[in-house]
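# A structural walkthrough
Now for the letters of each chain:
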Amino acid sequence: ELFTVSKDKSVHVLTVEEGRLETRFPKAHSSALNCVLPIDNHIFATGDDGGALKVWDLRKGDAILEARQQEEYISAMAVDGNGKILLTASGDGTLGVFNVKRRRFELLSEPQNGDLTSVVLLKRGKKVACGSSEGTIYLFNWDGFGAASDRFALRAESVDCMVPITDSIVCVGSLDGVIRAVNVLPNRVLGCVGQHLGEPVEQLAVAPGGQLLASCAHDQKVKFWDVSALRGLVVDDYRKKKKKGGPLRALSSKAAGSGEDF
């Protein structure tokens, strides 16, 4: 099934094979919808521009949890492997924690600098990484969502989207159009996977199997990058001295940006 949300406040559920509309919630929220996250075969969550979260049950055809704990738009969501704890990143700089099973709000983190734009689970679910519009990745311990345990400032204008490749490596899209591979703990920018020359990267996704990374940007193109080599990278705790201001290491022959999209 394919879930879509729109600024007309509606949610659509379609079949992938036929593109047939299965379910429609015409006025799902009171504000324009910004993100959607399937949790299991029947449960999914939606977040809107006003900071409201809803968790829906397709069997009931209605929301089973409604909350508005954050002041700004919900930019991204993530859920643990058990489908129990739902995390929401917001434009007000906070990380929200909700218990889906018990249908309740748990807590809100301290506000970080800038909008939180993305949230992913790493280190077998023991760490949570959030990207920010200021170009910083904030790290939280799984049992310590109140305050960030660590932060890592990238040499990037922003972190607009983020997707995990391994348990420690994420790919990050930025306003400058560069897709960076970043290792978390030890914190390192590994290099450039690819880029949309000068065009902000809107979204990243990893194909099933983890071999390919898909990216889309303001240049109206979807590009695919081979990230299979990242799985074999070993990052040493010892940081080698590197000349400041040097170019990013290219992680593939296409990383510098060429006319070819694949």
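Relevant structure appears above.
Below or above, wherever it landed, is the structure these notes cover. Source: prediction; values computed, not measured.

Here we come to the overall build of the chain. Scanning the chain for helices and strands turns up zero helices and 22 strands. Taken over C-alpha atoms, the radius of gyration comes to 18 Å for the chain, in line with the 18 Å a tight globule of 262 residues would show. Considered along the principal axes of its C-alpha atoms, the chain spans approximately 55 × 40 × 30 Å. By residue count, 48% of the 262 residues in the chain fall in the buried class. Entry remark: accessible area of the chain is about 13,100 Å², with carbon and sulfur atoms responsible for 48%. A gap of 6 Å separates the mean positions of the 33 positive and 33 negative side-chain charges of the chain.

For the rest of this paragraph, the subject is the side chain of glutamine 70. Position of glutamine 70 among the secondary structure elements: in the loop between β7 (62–67) and β8 (74–79). Side-chain polar atoms of glutamine 70 contact the side chain of threonine 88, separated by 2.8 Å. Of note is the side chain of glutamine 70, whose polar atom sits 3.2 Å from the side chain of threonine 94.

A few words now on the pattern of salt bridges. As enumerated under the stated definition, the model contains six salt bridges in all. With a shortest N-O distance of 3.1 Å, arginine 104 and glutamate 106 are connected by a salt bridge. We classify arginine 104 as partly exposed; its relative accessible area is 37%. Residues arginine 180 and aspartate 176 are paired through a salt bridge, measuring 2.9 Å at the closest nitrogen-oxygen approach. Note on arginine 180: relative accessible area 6%, which makes it buried.

For the bond running from leucine 185 to proline 186, omega is 0°, close enough to zero to count as cis. Among the secondary structure elements, proline 186 is positioned in the loop between β18 (178–183) and β19 (188–195). Residues other than glycine seldom take positive phi values, yet arginine 103 does so here, at roughly 55°. Positionally, arginine 103 belongs in the loop between β10 (95–99) and β11 (104–108).

On to the sheet that holds β19, then. Pairing between the strands of a sheet is mediated by backbone hydrogen bonds and can be parallel or antiparallel. Strand order across the open sheet formed by four strands is β16-β17-β18-β19, with antiparallel pairing between neighbours. With one partner strand each, in any of the chains shown, β16 (161–164) and β19 form the two edges of the open sheet. For this sheet the average axis-to-axis angle between neighbouring strands, irrespective of direction, equals 25°.

On a regular strand, one side chain projects to one face of the sheet and the next to the other, so that they alternate. Within β19, seven of the eight residues are buried, which leaves the element mostly enclosed by the surrounding structure. Sheet topology note: the β18/β19 ladder contains six bridges and is antiparallel. Bridge assignment links asparagine 183 to a residue of β19, and that residue is arginine 188. What sits between the antiparallel neighbours β18 and β19 is a turn of four residues, in which leucine 185 has the positive phi angle 55°.

The three strands are arranged β1-β2-β3 in an open sheet whose pairing can be described as antiparallel. Either end of the sheet is taken by a strand with one partner, and the two such strands are β1 (2–5) and β3 (21–25). The sheet shows a mean angle of 15° between the axes of neighbouring strands, taken without regard to direction.

Parameters and conventions
Residues numbered from 1 in each chain as written. Predicted model: local features only at pLDDT ≥ 70, side-chain atom pairs only at ≥ 80, totals over all residues. Heavy atoms only, no water. Helix = DSSP H or I, 4+ residues; strand = E, 2+ residues; numbered from the N terminus. Rg over C-alpha atoms; globule rule 2.2 N^0.38 Å. Buried < 20%, exposed > 50% of the residue type's maximum accessible area, 1.4 Å probe, protein only. Areas by Shrake-Rupley, 256 points an atom, 1.4 Å probe, with all protein chains shown as cover. Lys, Arg positive; Asp, Glu negative; His and termini not counted. Charge placed at Lys NZ, Arg CZ, Asp CG, Glu CD. Polar contact = N/O pair within 3.5 Å; in protein donor to acceptor, adjacent residues only side chain to side chain. Salt bridge = Lys/Arg side-chain N within 4 Å of Asp/Glu carboxyl O. Pairing = 2+ DSSP bridges. Axes fitted to C-alpha atoms, helices over the stretch in contact; angles between N-to-C directions.

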